[in-house]
Amino acid sequence: MAKIIKKYFWVFIVLFSIIRVLLILNYSPYLLSYAKYDDSLMFDIAKSIASGHWLGVYNEYTLSKGFIYPLIVSLFTWLKMPYVIGYTLLYIFACYFLTTSISKIVTNKIYLLLMYVILLFNPISYAIETFLRFYRNGINISLIMIFFALLIRLYTNKGDIKKSIIYSMLTGFMLFVVYNMRQDAIWVIPALLIILVSSLVYYIKNNKRFVFIPMIPIILMVILSNISAYINYANYGIYTNNTFENSNFTIVRKQLISIEEDKFINRVSVSMKTLEKVATLSPTFNTIYNEVINSKLVDQKTNEIIDGYITFSLIDAHMKVYPKSNAVETNSFWKKVSIELNNAFDKNLLKKRFVIPISGLAPPRDEYYGDIINNYMKTVIFLYKYDDIKIDYACSTAEQYRLDEFNKFTFGESKTVQEKTTYNNTKVSNIVLNAILQIYKLLAPIITLYGLLSYFVLVYKKEKNMYIPSIMFISMLLYIGGIAYIETSSVTKTISYFYLAPLYPMLLFVCLFNSIVLINKNKEK
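Predicted, not measured: the structure shown is a model, and the values here were computed from it. (Residues numbered from 1 in each chain as written. Predicted model: local features only at pLDDT ≥ 70, side-chain atom pairs only at ≥ 80, totals over all residues. Heavy atoms only, no water.)

Below, the discussion takes up the overall build of the chain. Broken down by element type, the chain carries 22 helices and zero strands. Relative to its length of 525 residues, the chain is compact, with a C-alpha radius of gyration of 24 Å against a globular reference of 24 Å. Oriented by its inertia axes, the alpha-carbon framework of the chain measures out at about 75 × 60 × 45 Å. When burial is assessed residue by residue, the chain has 56% of its 525 residues classed as buried. Nonlocal contacts in the chain, meaning residues at least 24 apart in sequence, comprise 77% of its contacts between residues at least 6 apart. Accessible surface computed for the chain: about 24100 Å², of which carbon and sulfur atoms make up 62%. (Helix = DSSP H or I, 4+ residues; strand = E, 2+ residues; numbered from the N terminus. Rg over C-alpha atoms; globule rule 2.2 N^0.38 Å. Buried < 20%, exposed > 50% of the residue type's maximum accessible area, 1.4 Å probe, protein only. Contact = heavy atoms within 4.5 Å. Areas by Shrake-Rupley, 256 points an atom, 1.4 Å probe, with all protein chains shown as cover.)

Right, here's the structure in full:
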């Protein structure tokens, strides 16, 4: 069997890949038109890119989220490729690229094929919210896998100058892609820095002429970020990649959550009382104050704006009061607010408190620490048990003209709930894919447990290849920490497969890697 797999390795790869595609052919993506900050926004931007009008007509959400997801799906449309096939082919490539990234360490083709198949049929890649929902979290899985595959290739090819330069350039490009897919991608930075520093040390010791190689990803990231910022400047007059992360609005949001509150209110960083005080100190902010406090996002029980909604409440308020503002005028408005708030801080009319230097996160509170620890453990358990993953067809919630437009764009056949369709053409696929899900629910905890134990045994034995699982574990632990923090402090329910999506294949990959390395080590003995 080993000889057959070794000889026909590519045949098996292609065969399993074809099966994977066939299982999803009859599905269609769905659109949630009411999700104006998310799905609907992504669709509008994707249509604009596909029609050659960059991100479209400006409103205050145009530059609020990364453009990579709309760019990728517009590429599917340009290629006349159905969304579900484009999504699946990208995931297939990510699985293959990640699996073969360890081929210098794991040379046994049986192990590599096994790893590929386990990654390929991971239920997270065809679950309702990560596969069919028209939003960035699903495709982000593939991008994260490709990024970490490049980090591994950087690490394992340090002696090969040509490959190191190529992988460094690709890493810089993918860093830019990942950051402009989701702006919370800071969790990948420690892994990147560890690999780059180890490479720098290697070149200093062995070949000082090439010490520039580890710097390529950072340099390329800076260059690409400035190019995209310039494109936005050319189209909208504001030099930024993202107004939520780098604009005068970003400064104001940080100033608001840094204002010390008189008392603790659970999940509320900026209370109504604070907003009222800000309105008296900032004449510019006062012009939108009434719209902010009367926002539809105000919690009816507490009459407060829960964390996670304050950003949208502020932007919606400005859009209502100044509906015709362009990007320059909007940025100027928030600059005035920022100056007025700075004056208030300087005069001690507002007191500051410590805030986490990551955009969008609520300030730390003593009252949160116990819940953060509990939510951290809940997230870990949730992740390896594959809880709540659902595989089925899904209906869109959109007006008919909007749905027709969406189906034409994605080459799909999405229906609305009102049509009461049974989607008979997905029944067979549903049965097969749900059966696979049950297998993963049984096997994933075993693979995870054995992989973790293998890791500690290998670290104890000082196995040299532990750099790879270590950087991935560090990244996953950071990601889980962010999920636990937001779950504790925000309205967003983040302990869900929708938000944890990138970790499912990563955890299986790293645990399988540990297990295989340990098995090989024992065989050598």
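After that view of the structure, there is still more to cover.
This part covers a nonpolar patch on the surface. Together, Phe-212, Met-215, Ile-219, Ile-223, Ile-227 and Ile-231 give the surface a local cluster of nonpolar side chains, amounting to about 510 Å² of exposed area. You can call Ile-231 partly exposed: its relative accessible area is 33%. (Patch = residues over 30% accessible without salt bridge, like charges linked within 9 Å, V, L, I, M, F, W, Y side chains within 5 Å. Salt bridge = Lys/Arg side-chain N within 4 Å of Asp/Glu carboxyl O.)

Charged atoms that come close allow side chains of opposite charge to pair. According to the stated counting rule, one finds ten salt bridges in the structure shown. Put simply, Asp-184 and Arg-182 hold a salt bridge, and the shortest N to O gap is 3.0 Å. Here Asp-184 falls in the partly exposed class, since its relative accessible area comes to 38%. We classify Arg-182 as buried; its relative accessible area is 13%.

Attention shifts here to the packing of aromatic side chains. Applying the stated criterion across every chain yields a total of 39 aromatic pairs. Taking 5.7 Å as the distance between ring centres and 90 degrees as the angle between the ring planes, the aromatic pair formed by Phe-147 and Phe-148 counts as edge-to-face. Both residues of the pair, Phe-147 and Phe-148, count as buried. For the pair Tyr-233 and Tyr-239, a centre-to-centre distance of 6.4 Å together with 65 degrees between the ring planes defines the contact as edge-to-face. Counting every residue linked through ring pairs, the aromatic cluster contains Tyr-27, Phe-43, Tyr-69, Phe-76, Tyr-83, Tyr-87, Phe-131, Phe-134, Phe-406 and Phe-409. We note Arg-133 situated over the ring of Tyr-135; from NZ or CZ to the ring centre the distance is 5.4 Å. (Phe/Tyr/Trp six-rings, centres within 6.5 Å; stacked < 30°, edge-to-face > 60°. Lys NZ or Arg CZ within 6 Å of the ring centre and 35° of its normal.)

This paragraph deals with the side chain of Glu-340. Mapped onto the fold, Glu-340 is located in helix H16 (residues 327-346). Among buried charged residues, Glu-340 stands out as having no salt bridge; its nearest opposite-charge side chain is Lys-336, 7.6 Å away. (Lys, Arg positive; Asp, Glu negative; His and termini not counted.)

Packing of helix H17 (residues 369-385) against helix H20 (residues 467-489) leaves a shortest axis separation of 8 Å and a crossing angle of 125 degrees. If you check the angle between H17 and H20, you find them oblique. H17 and H20 meet at a crossing whose hand is right-handed. Counted together, Asp-371, Ile-372, Asn-375, Tyr-376, Thr-379, Val-380 and Leu-383 of H17 and Leu-477, Ile-480, Gly-481, Ile-483, Ala-484, Tyr-485, Glu-487 and Thr-488 of H20 form the full contact between these two elements. Looking at the contact of H17 with H20, its residues break down into nine nonpolar, four polar and two charged. (Axes fitted to C-alpha atoms, helices over the stretch in contact; angles between N-to-C directions. Parallel < 35°, antiparallel > 145°, perpendicular 65-115°, else oblique. Left-handed = near helix turned anticlockwise from the far one by under 90°. Nonpolar A, V, L, I, M, F, W, Y, C, P; charged D, E, K, R; others polar.)

Contact geometry for helix H5 (residues 83-100) and helix H6 (residues 109-120): axes closest at 9 Å, N-to-C directions at 150 degrees. By crossing handedness, the relation of H5 to H6 is classed as right-handed. Across the interface between the two elements, Tyr-91, Ile-92, Cys-95, Tyr-96, Leu-98 and Thr-99 from H5 touch Leu-112, Met-115, Tyr-116, Leu-119 and Leu-120 from H6.

One broad trend across soluble globular proteins is that nonpolar side chains are buried collectively. Counting 168 residues, the largest nonpolar core has Phe-134, Ile-139, Phe-148, Phe-285 and Met-472 as its most contacted members. Take this core: its biggest share by element is 14 residues, from helix H8 (residues 136-156). With sequence-adjacent residues up to four places away left out, Ile-139 is seen in contact with Tyr-69, Ile-72, Val-73, Phe-76, Tyr-83, Tyr-87, Leu-90 and Met-181. (Core = buried A, V, L, I, M, F, W, Y, C linked by side-chain atoms within 4.5 Å.)

Another aspect to go through is helix H10 (residues 189-206). Between its first and last C-alpha atoms H10 spans 25 Å; for 18 residues at 1.5 Å apiece the expected length is 26 Å, and the two agree. Residues Ala-191, Leu-192, Ile-195, Leu-196, Ser-198, Ser-199 and Tyr-203 constitute the buried set of H10. Seen end-on, H10 carries its buried residues on one side only, within an arc spanning 160 degrees. (Expected span 1.5 Å × (residues − 1). Arc of directions from axis to C-beta.)

This part takes up the confidence of the model for the chain. A low pLDDT score tells you not to read the predicted coordinates there in detail. Summary statistics for the chain give a mean pLDDT of 92 and a share of 98% for residues scoring 70 or more. Averaged over each element, pLDDT in the chain is lowest for helix H1 (residues 2-7) (77) and highest for H5 (98). (pLDDT = per-residue confidence, 0-100.)

Glancing now at unusual backbone geometry. Despite not being glycine, Lys-80 shows a phi value in the positive range, around 60 degrees. Backbone geometry at Phe-411 places phi at a positive 55 degrees, although glycine is not the residue there. One can find Phe-411 in the loop between helix H18 (400-410) and helix H19 (427-460).

This structure, assessed with the given rule, holds zero disulfides. Not engaged in a disulfide, the cysteine Cys-511 finds its nearest cysteine sulfur in Cys-95; these two sulfurs lie 16 Å apart. Residue classification places Cys-511 among the buried positions, given a relative accessible area of 0%. (Disulfide = S-S within 2.5 Å.)

Once that is clear, we can look at helix H13 (residues 272-281). All buried positions along H13 are accounted for by Met-272, Thr-274, Leu-275, Val-278 and Ala-279. Around the axis of H13, the buried residues are gathered within 155 degrees of arc, so they sit on the same side. Pointing more than 90 degrees away from the buried face of H13 are the exposed residues Lys-273 and Thr-280. Against the buried residues of H13 lie helix H12 (248-257), helix H14 (283-293) and H16.

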